[in-house]
Each structure stands twice: as structure tokens, then as C-alpha cells.
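The lines below spell out each chain.
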Amino acid sequence: MANEPHDSPNPSGRWRTFLAKSREFAPVWTLLALILFFSVYSDSFLTLENAANILNQVALLAIMGTGITFVLLTAQIDLSVSYMATFAGVVAAYYTAGHLPQPWPIVAALLAAGALGWINGVGTARLGIPSFMVTLAMSLIASGLSLYLTRGRILFDLPPLSETLGSGRILGVKWLVLVAALTLLVGHLVLRYTRFGRYVYMTGANPKAAELAGVNTRGVITAVMVIGALTAGLAGVVGIGRLGSATPTAFDGMLIDAIGAVVLGGTSLFGGVGGIPQTIVGLLILGVLRNGLDQVSVDIYMKTLITGVILLAALVFNILFAGRKEA
């Protein structure tokens, strides 16, 4: 019959479906396009050795990005993660130089980072301060603590475990890549198969509805802030082993790349949409882009500009098509 719903297509509904599908697959198509482009213009790009290089380059971002994914899924932001990574690395090296028995320097580093994350969570969830402002202040606190502990010096006494995980190999594969893969896997399992993971999505998608359903949204936000801090701390502890030293500014520059990789993959800045698979795609996009630009004839002074333009385009797409909630 002419009056039946299936005979009267809804253009606006189809348009929303199209946008949803576009958002879902756009990062994958972007990744494939970049791989194809650089494969054509560089003979050395599509090789196993270069693929391993890309994985090595994004491994620290992957560890940090796992926690950022949790934070963004609750519609929050953490601008302090890279500074926490630096702080955790400094704490691990500081206590190693002070002859604290192993592995306690690493434990102290992770606990210190987790404590700062808990403060971020309390400030955001309990006191109602926007996470942007709380974590901005925390970035200064973490940076100041790093400078205080090092007195501006470089620390070379590192935990043996940090050196192994940061620079060692097993069966030809870097431990750093394996740690990143394990971190991503654990994050995915938690988000996909646990009640807490469902609460994270519910909190980000509609916090009021989540509260009516019995979800402690304040507790969830505090928890994801702690998770973000712990993964940042892990990145810092492993990262100093990769660098061979701990400095008061070692990982401060990773913030934009870490958040950018998560957003590039399609995780919404407005919460409730995304996950670890999307973060992996975003990491690969950023890694392939950076690696590929190093192998083709691009003005060295244009590489950062090109990366920034692509990141901005992803942010615009995220906001226009992915992050809006239905009224």
C-alpha cells in the first residue's frame, strides 16, 4: 500500500545513515589512500622493514592513546598526559639513582602518575571543573615536579626493566611494540566485554540517562582519568628506556600526536563513539603519514604543515558529522 512506511522513504533518515557510514569508514579509506600514495612514490615504503619502523614509531603513542580513548569516550579531555609521561619517567630514574630496590622505582612512577590522574578526576567529576582546565593546570604541576626532581639535569640511571622494554627485542620484535599491543588489547577487552566498558560509553553518550540507569558517572569519569594517567605513566617508564635517559621535557611534545591519533581514527570528541580499533587506525594513519613524508620529495619545512592540515580536516569531520547528538 502507498501509505506503508517502506513505500515512503525518509530522505533525512537516509542522509543520517550515509553520514554515519561515512564517519565509520572514512579513516580506513584515508589509511588505504595514504599507503597507496606512498607505495607509488617510494620504492622503500612498502617493505616489512619499513612496516616495522612505523610500528616502532607509533608504539609509545599507542600506549598513551589507549588511555586517551577512555577519556574521550566519556566526553572529557586530558591535556596533561604527555607531561605525566615525562614525570613518570623522571620518578623512575630519580628513585633508581637513589638506589631504591627494583622494581619499586617503576611502581612509584606509576603510582605517582595515577595519583595525578585521580586529582584530575576528582576536580572534573566531583568539583565540576571542566576537564580542559583541570588537566591544563595538571600539565604545569607535572612539568614543575619533573623540573624539581631533576633540577634541569638529564638522569641516566634507569630501571633495568625500562631499558629492556624500551630498547630490547624478543624473537626479533621490539618489546616496546609488544607492550603497546598488549596495552591496546587490554583496553579493547575492557571497553568491549566488561560492565565498566559499557558504563564508559553510556557516560559519554548521555550522562543523564546513564545516571537514571544507575551508573555512577562521577566514578566512571574519575576512573578513566586514572586510566589515562596510568597509561601515560607506562609510556613514560618504557619511553625512557627507549631514549636511554630521563629529561624534564622528554615526552612533552607527544600531546598533540596522541590526542590527534585517537581523533583521526574516529573516536568522537563528544563522547560515546569510538574505541580501540578506531584508535589503532588513527595511529597507523599518523605513522604512515609521518613515515611516508620522510621518504618522498617533500620540503622538510612543509611536513609539519601537511600533518597539521590533515589533523585539522579530521577534527572538522569529527565535529560536523560524528560528534553531534540527536536532540
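This text goes with the structure placed above it.
Residues numbered from 1 in each chain as written. Predicted model: local features only at pLDDT ≥ 70, side-chain atom pairs only at ≥ 80, totals over all residues. Heavy atoms only, no water.

A.B. asks: How should I be thinking about the overall build of the protein in this particular structure?
C.D. replies: Secondary structure summary: the protein contains 13 helices and 2 strands in total. In the protein, buried positions account for 47% of the 327 residues. Summarising the internal contacts of the protein: among those between residues at least 6 apart in sequence, 78% fall at separations of at least 24. In the form shown here, the protein has an accessible surface area of approximately 16400 Å², with 68% of it arising from carbon and sulfur atoms. (Helix = DSSP H or I, 4+ residues; strand = E, 2+ residues; numbered from the N terminus. Buried < 20%, exposed > 50% of the residue type's maximum accessible area, 1.4 Å probe, protein only. Contact = heavy atoms within 4.5 Å. Areas by Shrake-Rupley, 256 points an atom, 1.4 Å probe, with all protein chains shown as cover.)

A.B. asks: How should the packing of aromatic side chains be read in this particular structure?
C.D. replies: Between two aromatic rings, the relevant description is the distance of the centres plus the angle of the planes. Considering all chains together, one arrives at 4 aromatic pairs under this definition. Centroid distance phenylalanine 37 to tyrosine 41: 4.7 Å. Interplanar angle 40°. Geometry classified as tilted. Within this pair, phenylalanine 37 and its partner tyrosine 41 are both found in helix H1 (residues 11-41), separated by 4 residues, close to a single helical turn. Classification of phenylalanine 37 by relative accessible area gives partly exposed; the value is 42%. Each ring, one from phenylalanine 38 and one from phenylalanine 45, has its centre 5.7 Å from the other, and the planes form 45°; the classification is tilted. A relative accessible area of 3% means that phenylalanine 38 is categorised as buried. Site record: aromatic cluster; members linked through ring pairs are Phe37, Phe38, Tyr41 and Phe45. (Phe/Tyr/Trp six-rings, centres within 6.5 Å; stacked < 30°, edge-to-face > 60°.)

A.B. asks: Please clarify how the packing of helix H7 (residues 175-193) against helix H12 (residues 276-295) should be interpreted in this entry.
C.D. replies: Between two packed helices, what matters for the description is the angle formed by their axes and the separation of those axes. Two elements in contact, H7 and H12, have axes whose closest approach is 9 Å; the angle formed by their N-to-C orientations is 145°. On the side of H7, the interface is formed by Leu184, Gly187, His188 and Leu191, while H12 contributes Ile276, Pro277, Ile280 and Leu283. Its residues placed into classes, the contact of H7 with H12 shows 6 nonpolar, 2 polar and no charged. (Axes fitted to C-alpha atoms, helices over the stretch in contact; angles between N-to-C directions. Nonpolar A, V, L, I, M, F, W, Y, C, P; charged D, E, K, R; others polar.)

A.B. asks: Please explain the nonpolar core as it appears in this structure.
C.D. replies: Counting 73 residues, the largest nonpolar core has Phe38, Leu60, Met64 and Ile68 as the members making the most contacts within it. No other element matches helix H2 (residues 48-73), which puts 11 residues into this core. Sequence-distant contacts of methionine 64, defined by excluding residues within four places in its chain, comprise Val81, Ser82, Ala85, Thr231, Ala232, Ala235, Met254 and Ala258. (Core = buried A, V, L, I, M, F, W, Y, C linked by side-chain atoms within 4.5 Å.)

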